[in-house]
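Structural description and commentary
What follows is the residue order along each chain.
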Amino acid sequence: MLTAPNQCWSMDFVADALFDGRRFRALTVVDNFTKESLAIEVVKGEDMVAVMEWLRHQRHLPQRIQTDNGSEFISMVMDRWAYDHGVTMDYSRPGKPTDNPFIESFNGSFRDECLNTHWFLSLEDARRKIENWRVDYNHLRTHSSIGDVPPAEFAVRFTSQPKAEFSSSARA
């Protein structure tokens, strides 16, 4: 049972397309305790460690990260990064998305409320619209599992001061 932020995060990739059919993937990262969306970043798989490094400096790292067995998550680069930072990678069983219900539920909301309702003209347009949805999710949407408050408000109860929001420009 989780009792505080940063004990366990979940992450996954969600695929979508621009208006012209070009595909893109978004890395989603959620704190399982606070329900906060820590990052939704339109990236290539090899950029995943850069997102995790940014989160490490903004928020510290979790004890454990739950993922599926996708090639990006089981790569030597990600494995080395997790080892170097003392993070346990917890992989779901192949074909068992129920092993990671937090990210599956989040990704369902993300798809229904953001990806399926927007027309993305470019990768930059997708990043902007996705970030706007993520900020709304964290700061305005209440969750019954955390006392009917938004995730950011719930998380503040456990931290001394809130950190900056993640955006692709933060890594630049």
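Nothing here was measured: the structure is a model prediction, and the numbers come from that model. (Residues numbered from 1 in each chain as written. Predicted model: local features only at pLDDT ≥ 70, side-chain atom pairs only at ≥ 80, totals over all residues. Heavy atoms only, no water.)

**Structural notes on the sheet that holds strand β3 (residues 37–42)**
Across the sheet, five strands lie side by side as β3-β2-β1-β4-β5; this open sheet has mixed pairing. Each end of this open sheet is capped by a strand with a single partner; those strands are β3 and β5 (88–91). Taking each pair of neighbouring strands and ignoring which way they run, the sheet shows an average axis angle of 25°. Where strand β2 (residues 23–31) lies against β3, five bridges are found, and the strand directions are antiparallel. The residue bridging L27 from the neighbouring strand is E41, located in β3. (Pairing = 2+ DSSP bridges. Helix = DSSP H or I, 4+ residues; strand = E, 2+ residues; numbered from the N terminus. Axes fitted to C-alpha atoms, helices over the stretch in contact; angles between N-to-C directions.)

**Structural notes on the packing of aromatic side chains**
Aromatic rings considered in pairs are described by the distance between their centres and by the relative angle of their planes. Summed over the entire model, instances satisfying the criterion amount to 11 aromatic pairs. Judged by centre distance (6.4 Å) and plane angle (50°), the rings of F19 and W119 are tilted. Remark: W119 occurs in the loop between α3 (101–115) and α4 (123–139) and F19 occurs in the loop between β1 (8–17) and β2; sequence separation between them is 100 residues. Through successive ring pairs, a cluster of aromatic residues spans F106, F110, W133 and Y137. One residue, R25, lies across the ring of F13, its end atom 4.2 Å from the ring centre. (Phe/Tyr/Trp six-rings, centres within 6.5 Å; stacked < 30°, edge-to-face > 60°. Lys NZ or Arg CZ within 6 Å of the ring centre and 35° of its normal.)

**So, the pairing of strand β4 (residues 64–67)**
Within a regular beta strand, the side chains point alternately toward one face of the sheet and then the other, so they alternate between its two faces. Direction of pairing for β1 relative to β4: parallel, over a ladder of three bridges. Pairing of S10 across the sheet is with Q66, part of β4. In the sheet, β4 pairs with β5 via four bridges, with the strands oriented parallel. Bridge pairing in β5 places I65 opposite M89. Read from β4 through helix α2 (residues 76–84) to β5, the crossover connection turns out right-handed. (Right-handed = clockwise from strand over helix to strand, strands pointing away.)

**Remarks on a nonpolar patch on the surface**
A contiguous nonpolar patch, built from F19, W119 and L121 and spanning about 360 Å² of accessible area, is present on the exposed surface. Counting through the fold element by element, L121 comes out in the loop between α3 and α4. (Patch = residues over 30% accessible without salt bridge, like charges linked within 9 Å, V, L, I, M, F, W, Y side chains within 5 Å. Areas by Shrake-Rupley, 256 points an atom, 1.4 Å probe, with all protein chains shown as cover. Salt bridge = Lys/Arg side-chain N within 4 Å of Asp/Glu carboxyl O.)

**Here we look at the environment of Y91**
If you trace the backbone, Y91 turns up in strand β5. Judged by its relative accessible area of 29%, Y91 is partly exposed. Put simply, Y91 and G70 are 21 residues apart on the chain and 9.1 Å apart in space, counted from C-alpha to C-alpha. Those residues in contact with Y91 that sit more than four places away from it in its chain are T67, D68, N69, F73 and I74. A polar atom in the side chain of Y91 sits 3.0 Å from the backbone oxygen of F73. (Buried < 20%, exposed > 50% of the residue type's maximum accessible area, 1.4 Å probe, protein only. Contact = heavy atoms within 4.5 Å. Polar contact = N/O pair within 3.5 Å; in protein donor to acceptor, adjacent residues only side chain to side chain.)

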